[in-house]
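# Tertiary structure, described
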Amino acid sequence: MPGWLPRAMALALALYACFQLGSWAFDQLIGLLTNVLIAFFLALAIEPAVGRMAGRGMRRGLATFLVFLGLMIFGVGFVVLLGSMLAGQIVDMVDEFPKYIDSVINWVNQTFHTELSRVEVQDSLLHSDWLQKYVQNSATGVLDVSTTVLGGLFRLLTIFLFSFYFAADGPRLRRALCSVLPPARQTEVLRAWEIAVDKTGGYIYSRGLMALISGAAHYVLLVILGVPYAPALAVWVGLVSQFIPTIGTYLAGALPMLIAFTVDPWYALWVLGFVVIYQQFENYVLQPKLTAKTVDIHPAVAFGSVIAGTALLGAVGALVAIPAVATLQAFLGAYVKRYDVTDDPRVHGGSSRAPGRPLPSRIRRLVNGPRDARRGGTEGTPDGPPPQR
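If you're wondering where the values come from, they're calculated on a predicted model, not measured in any experiment.

All right, on to the pattern of salt bridges then. Summed over the entire model, instances satisfying the criterion amount to two salt bridges. Residues glutamate 47 and arginine 60 are paired through a salt bridge, measuring 2.5 Å at the closest nitrogen-oxygen approach. You can see glutamate 47 sitting in helix H1 (residues 4–55) and its partner arginine 60 sitting in helix H2 (residues 60–112), a full 13 residues away along the chain. For the pair shown, glutamate 47 and arginine 60 are each scored as buried.

Dropping the structure here:
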């Protein structure tokens, strides 16, 4: 056996063990890494406000605390307002539920010529197997729901703590990062950091603008239909549909449909149709144009980055994909050498053929050419009579 073979085998086993240990550690820490990523982009989003307040003489930690306090007050107030409104509407729905059943049964009897009664329908529902299974599953799932809520609160607290440290100690963090790099690399890191702040701020601005447009459009619909709490519902639709990726649209549209159902069951269908149509308009018309102007990336690149981010990190990837891709594109753009474009018609979508007769006249010339040649042998040419033999 060669002398190097045992050492090579030991090195291979050590590398394999390190790979397995790294994979296990990554699987265990993927949740923490995701929270840190969200916190970093949240700190980049509030960096302009914190920097502006710190530039006026306020301590950076206090400025960060005031920004987070304002966000927390707004979020808690919004949730309390919607919670009280939703609780009142649920109580009204429970009180009016027998009337809804009577109206539906009367419509079914008149349309299909049946003889249903509300008592029979209620008895069949109360004694059905699926209702009993649903109640049992709901009773056993209370603990799971409580655990999920507590886990969500702990994750939210973790994100806020990390983002607070990133925003409050931003200069110190940049200084510590630059201290281990040569001067040329320090300039690149600081430039990338500045680009990330600008692109993330532009992305938040575009989302806020789309939330304003969405809320205004849904507010007009709800006012026309006479749905109560139209302003609060419009704010709900605008914020939830824009700042909660993937499922935000469905969560945003469910609450207005529920409130509209208490007014008239057909109004819920109107709200559903409007939500679906507006979502298509937003996805294919509004969002690509606004994102391309505020984040400065092509609409197709923005759409593809959202799909790729969702495939990699789920909802978190969909939320941070556009600012991340915009930052990477702006940073790498400085290292791409660009040249002057040649003055060629094909650049503007033209043709490279030389100018001449139009295509139909060329076709007529090709078709009529042999015919004119045959006529020239018997009828002469345009210059004179046919030659004499």
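The next thing to look at is the nonpolar core. Membership of the largest hydrophobic core comes to 19 residues, with the highest contact counts inside it found for Leu82, Val227, Leu233, Trp236, Leu255 and Val271. Top contributing element to this core by residue count: helix H8 (residues 230–243), with six residues. In this structure, tryptophan 236 is in contact with Phe78, Leu82, Ser241, Leu251, Ala252, Leu255 and Pro256, ignoring residues within four places of it in sequence. The next biggest cluster of nonpolar side chains, apart from the first, holds 12 residues, and it includes Val50, Val67, Phe166 and Ala167.

A separate point is the confidence of the model for the chain. Summarising the model, the chain shows a mean pLDDT of 78, and 79% of its residues fall at 70 or more. Averaged pLDDT values for the elements of the chain fall to 56 in helix H13 (residues 359–379) and rise to 88 in H1. Confidence drops under a pLDDT of 50 for residues 378–384, and excluding neighbours within four residues, the segment shows five contacts in the predicted structure.

Next up on the list: the packing of aromatic side chains. Evaluation of the coordinates by the stated rule reveals nine aromatic pairs. Considering the side-chain rings of phenylalanine 40 and phenylalanine 41, the 5.9 Å spacing of their centres and the 80° angle between planes classify their relative orientation as edge-to-face. A residue is classified by how much of its surface remains accessible, and phenylalanine 40, at 26% relative accessible area, is partly exposed. Note on phenylalanine 41: relative accessible area 13%, which makes it buried.

On to the packing of H1 against helix H7 (residues 183–225), then. Remark: H1 packs on H7, axes separated minimally by 8 Å, with the N-to-C direction vectors making an angle of 85°. As far as their axial angle goes, H7 and H1 are roughly perpendicular. Side by side, H1 and H7 meet where Phe40, Phe41, Leu44, Ala45, Glu47 and Pro48 of the first sit next to Trp193, Ala196, Val197, Thr200 and Ile204 of the second. Tallied by class, the residues present in the contact of H1 with H7 amount to nine nonpolar, one polar and one charged.

One way to put it is that H8 packs onto helix H9 (residues 248–263) with a least axis distance of 7 Å and a crossing angle of 165°. As far as their axial angle goes, H9 and H8 are roughly antiparallel. Crossing of H8 over H9 shows right-handed handedness. Where H8 approaches H9, its residues Leu233, Trp236, Val237, Val240 and Ser241 are matched on the opposing element by Gly248, Thr249, Leu251, Ala252, Leu255, Pro256 and Ile259. Among the residues making up the contact of H8 with H9, the classes are represented as nine nonpolar, three polar and no charged.

With that out of the way, let us pick up the environment of tyrosine 267. Locating tyrosine 267 in the fold gives a position in helix H10 (residues 265–294). Residue class for tyrosine 267 comes out partly exposed when judged on its relative accessible area of 25%. Along the sequence, tyrosine 267 and glycine 226 sit 41 residues apart, while their C-alpha atoms lie 9.4 Å from each other. Setting aside residues up to four positions removed in sequence, tyrosine 267 forms contacts with Leu225 and Ala260.

Next up on the list: helix H6 (residues 170–178). The set of residues buried in H6 consists of Gly170, Arg174 and Cys178. Taken end-on, H6 shows its buried residues confined to a sector of 65°, consistent with a single buried face. Seen from the buried face of H6, the exposed residues on the opposite side, beyond 90 degrees, are Arg172 and Arg175.

It is worth spelling out the side chain of serine 163 at this point. As for its position among the elements, serine 163 is in helix H5 (residues 142–168). With near-sequence residues (within four places) excluded, serine 163 lies in contact with Ala39, Leu42, Ala43 and Phe68.

About the criteria used
- Residues numbered from 1 in each chain as written.
- Predicted model: local features only at pLDDT ≥ 70, side-chain atom pairs only at ≥ 80, totals over all residues.
- Heavy atoms only, no water.
- Salt bridge = Lys/Arg side-chain N within 4 Å of Asp/Glu carboxyl O.
- Helix = DSSP H or I, 4+ residues; strand = E, 2+ residues; numbered from the N terminus.
- Buried < 20%, exposed > 50% of the residue type's maximum accessible area, 1.4 Å probe, protein only.
- Core = buried A, V, L, I, M, F, W, Y, C linked by side-chain atoms within 4.5 Å.
- Contact = heavy atoms within 4.5 Å.
- pLDDT = per-residue confidence, 0-100.
- Phe/Tyr/Trp six-rings, centres within 6.5 Å; stacked < 30°, edge-to-face > 60°.
- Axes fitted to C-alpha atoms, helices over the stretch in contact; angles between N-to-C directions.
- Parallel < 35°, antiparallel > 145°, perpendicular 65-115°, else oblique.
- Nonpolar A, V, L, I, M, F, W, Y, C, P; charged D, E, K, R; others polar.
- Left-handed = near helix turned anticlockwise from the far one by under 90°.
- Arc of directions from axis to C-beta.

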